[in-house]
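Coordinate analysis (summary)
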Amino acid sequence: MRSRLLVVAGAIALVAPLVAVPAATAGDGGAASSGASGTSTSQSDGKKPWLPATGGWFNDPWGSQEAKFRIERQIVDAIRHARKGSKIRIAVYSFDRTNVAKALINAHDRGVSVQVLHNDHQYTTAMKMLKHALGTNRAKSSWDYTCKTGCRSEQGVLHDKIYLFEHTGGAKNVVMTGSANLTGNAAIHQFNDLLVKSEVPNLYDTLLGLFWELKKDKTAKPLYEHKVLRDYQLWVMPHPRTTEKNDPVMQILRPVQCQGAAGGTGTAGRTKIRVSMHAWNGSRGTYIARRLRNLYAQGCDVKVLWALGGTTMKNTIGMSTPRGTVPRHSDSYNTDCDELQEVDMYSHQKYLTISGHYGDDRSASYVFTGSSNWTHSGISGDEMILRAKGPHLVTQWNRNFDFIWDHRSRPVGDSPGPSFDPPPPVCDTTPTARAARPTTTQDLAFSGRYWEGD
């Protein structure tokens, strides 16, 4: 978490085109927003204003240039269309995209208030550009500020990924959040997700309140908050004195009932659960894995993906049940064949979907996304989990899950295998490296210049 991210010049040089591109269909890698409303193009007839395309957005680091930078493009488009006199507020862990910095500076120059919060693990060219152009005085209308360790937490880091637009194009109260940082790594080496919502004043105001707390760069009271809105729920970390009983994720999973899914949800009456988790380990990851394995044993349709999984967690989720073992895949790869077998392509997502019987609701549809990994660090710093409801959202996130499962991951244990397209290279190593580390797809080093352990 605290290690300095090393960004290669080639990643910075890969600047995506900033022209708007409509959301791709599921046929384009299955990683685009499907069923997104609105439009992601500028007004073509001179009358209708630009609108952000709402719903779920997903990039594909293995895909085309458009597919790689699909999430970044949504954010840049909203920056470019921000109205004069309106406000843009961003809180993000990592930021090295100079093209995004230029878009924010241009917005500031045309009269938009731009306020950006960073974590202090890096000081990139893009951050220097913003500080020079906006200044660091948080009393002014525009500024760029780096928190000292966490912003509102006692320790840890600012790990939220919050993008708020007061008025962009023809839309007000626009919220974007998910797993994506503003880095070349996020597009070129990671799978990420982004939820885009517009005209949601209750959610916008709630996240604006969180932003104001982060802006103070002081320990918040209370540290942990659980906010229940009409269509959303928000879990704000850090979560002090976490146990298996009071863990927010365990509380999220506790109401799941595996039988009786109705109303077009679930799978043949079984509640359907999908997990794509960047980092999932430690004692916390183990008891979450045990809960998911027990839900599978009770009849839930469960599948899980991870990039970095701890040994105990993997042993726990992989234990046999009367129904067999939980289907599970890993999506981390060494594709550049470096001798140390360091991971350079992987998922950075932190999402969970639930479709089916949840509490008293037999036709629930929920997406849980945000910044929080299933690790100890996932609840110790400035982190958030957002629950959004709606079958269309679950469909979008599950299509992304299925695409990664079928085409961009590999089976763990006795799980059914995918047909990876294109297949990753078979890496040959030198005799010295081979002696130090056997060359297998399972024996990977989760380190190196492309690995973000956050």
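Remember, predicted model here, so these are calculated numbers, not experimental data.

Let us now look at the side chain of Glu-225. For Glu-225, the location among the structural elements is in strand β9 (residues 225-228). Here Glu-225 falls in the buried class, since its relative accessible area comes to 13%. In this structure the side chain of Glu-225 is engaged in a polar contact, spanning 3.2 Å, whose partner is the side chain of Arg-152. A polar contact is formed between the side chain of Glu-225 and the side chain of Lys-227, at a distance of 2.9 Å. Here Glu-225 is in contact with Arg-152, Glu-213, Leu-234, Trp-235 and Val-236, once residues within four sequence places are set aside.

Now for the side chain of Lys-161. Along the chain, Lys-161 falls in strand β5 (residues 161-168). From its side chain, Lys-161 meets the backbone oxygen of His-159 in a polar contact 3.1 Å long. A polar atom in the side chain of Lys-161 sits 3.0 Å from the side chain of Asn-181. Each residue touching Lys-161, except ones within four places of it in the same chain, is listed here: Ala-91, Val-92, Tyr-93, Met-176, Thr-177, Gly-178, Ser-179, Ala-180, Asn-181, His-348, Ser-371 and Asp-454.

Ordered in space as β1-β8-β6-β5-β2-β3-β4, the seven strands form an open sheet in which the pairing is mixed. Taken across any chain shown, the strands that pair with only one partner, and hence form the sheet edges, are β1 (55-58) and β4 (143-146). Adjacent strand axes in the sheet meet at a mean angle of 15 degrees when their direction is disregarded. Judged from the four bridges that link them, strand β3 (residues 113-118) and β4 form a sheet pairing that is parallel. The residue bridging Leu-117 from the neighbouring strand is Tyr-145, located in β4.

In total, this model carries two disulfides according to the counting rule given. Residue Cys-147 pairs covalently with Cys-151 via a disulfide, S to S 1.9 Å. Where Cys-147 bonds to Cys-151 through sulfur, the torsion about that S-S bond is close to 100 degrees, and the disulfide is right-handed. When sorted by exposure, Cys-147 lands in the same class as Cys-151, which is buried.

Attention now goes to helix α4 (residues 98-109). Here α4 spans 16 Å end to end across twelve residues, near enough to the 16 Å set by a 1.5 Å rise per residue. Among the residues making up α4, those that are buried are Thr-98, Asn-99, Val-100, Ala-101, Ala-103, Leu-104, Ile-105 and Ala-107.

Before going further, it helps to examine the nonpolar core. Leu-117, Leu-207 and Leu-214 are the most contacted members of the largest nonpolar core, which totals 41 residues. Of all elements in the fold, only β4, β5, α7 (201-216), β10 (232-236), β18 (384-389) and α11 (391-407) reach the threshold of two or more residues within this core. For Leu-207, the residues in contact, after removing those within four places along its chain, are Leu-164, Val-175, Leu-234 and Met-384.

What follows concerns unusual backbone geometry. Pro-222 follows Lys-221 through a cis peptide bond whose omega is 0 degrees. That bond from Met-237 to Pro-238 is cis: its omega, 20 degrees, falls within 30 degrees of zero. When you line up the elements, Pro-238 lands in the loop between β10 and α8 (248-253). Positive phi is not limited to glycine here, since Arg-241 has a value of about 50 degrees. Turning to its location among the elements, Arg-241 is positioned in the loop between β10 and α8. Here the phi dihedral of Gln-341 falls at roughly 55 degrees; this positive angle occurs in a residue that is not glycine. Tracing the sequence through the fold places Gln-341 in the loop between β14 (328-330) and β15 (346-347).

A few words on the packing of aromatic side chains. In this structure the tally under the stated criterion is 13 aromatic pairs. Arranged with centres 6.1 Å apart and planes meeting at 45 degrees, the rings of Trp-235 and Phe-368 form a pair that is tilted. Taken together, the residues span a long stretch of sequence, with Trp-235 in strand β10 and Phe-368 in strand β17 (residues 361-370) at a distance of 133 residues. For Trp-235, a relative accessible area of 5% puts it in the buried group. For Phe-368, a relative accessible area of 3% puts it in the buried group. When the centroid spacing of 4.4 Å and the interplanar angle of 50 degrees are considered together, the rings of Tyr-346 and Trp-451 count as tilted. Placement of the pair is Tyr-346 in strand β15 and Trp-451 in the segment after α12 (431-436), with a sequence separation of 105 residues. One aromatic cluster is present, formed by Trp-235, Tyr-358, Tyr-366 and Phe-368 through successive ring pairs.

Cut-offs and rules
Residues numbered from 1 in each chain as written. Predicted model: local features only at pLDDT ≥ 70, side-chain atom pairs only at ≥ 80, totals over all residues. Heavy atoms only, no water. Helix = DSSP H or I, 4+ residues; strand = E, 2+ residues; numbered from the N terminus. Buried < 20%, exposed > 50% of the residue type's maximum accessible area, 1.4 Å probe, protein only. Polar contact = N/O pair within 3.5 Å; in protein donor to acceptor, adjacent residues only side chain to side chain. Contact = heavy atoms within 4.5 Å. Pairing = 2+ DSSP bridges. Axes fitted to C-alpha atoms, helices over the stretch in contact; angles between N-to-C directions. Disulfide = S-S within 2.5 Å. Expected span 1.5 Å × (residues − 1). Core = buried A, V, L, I, M, F, W, Y, C linked by side-chain atoms within 4.5 Å. Phe/Tyr/Trp six-rings, centres within 6.5 Å; stacked < 30°, edge-to-face > 60°.

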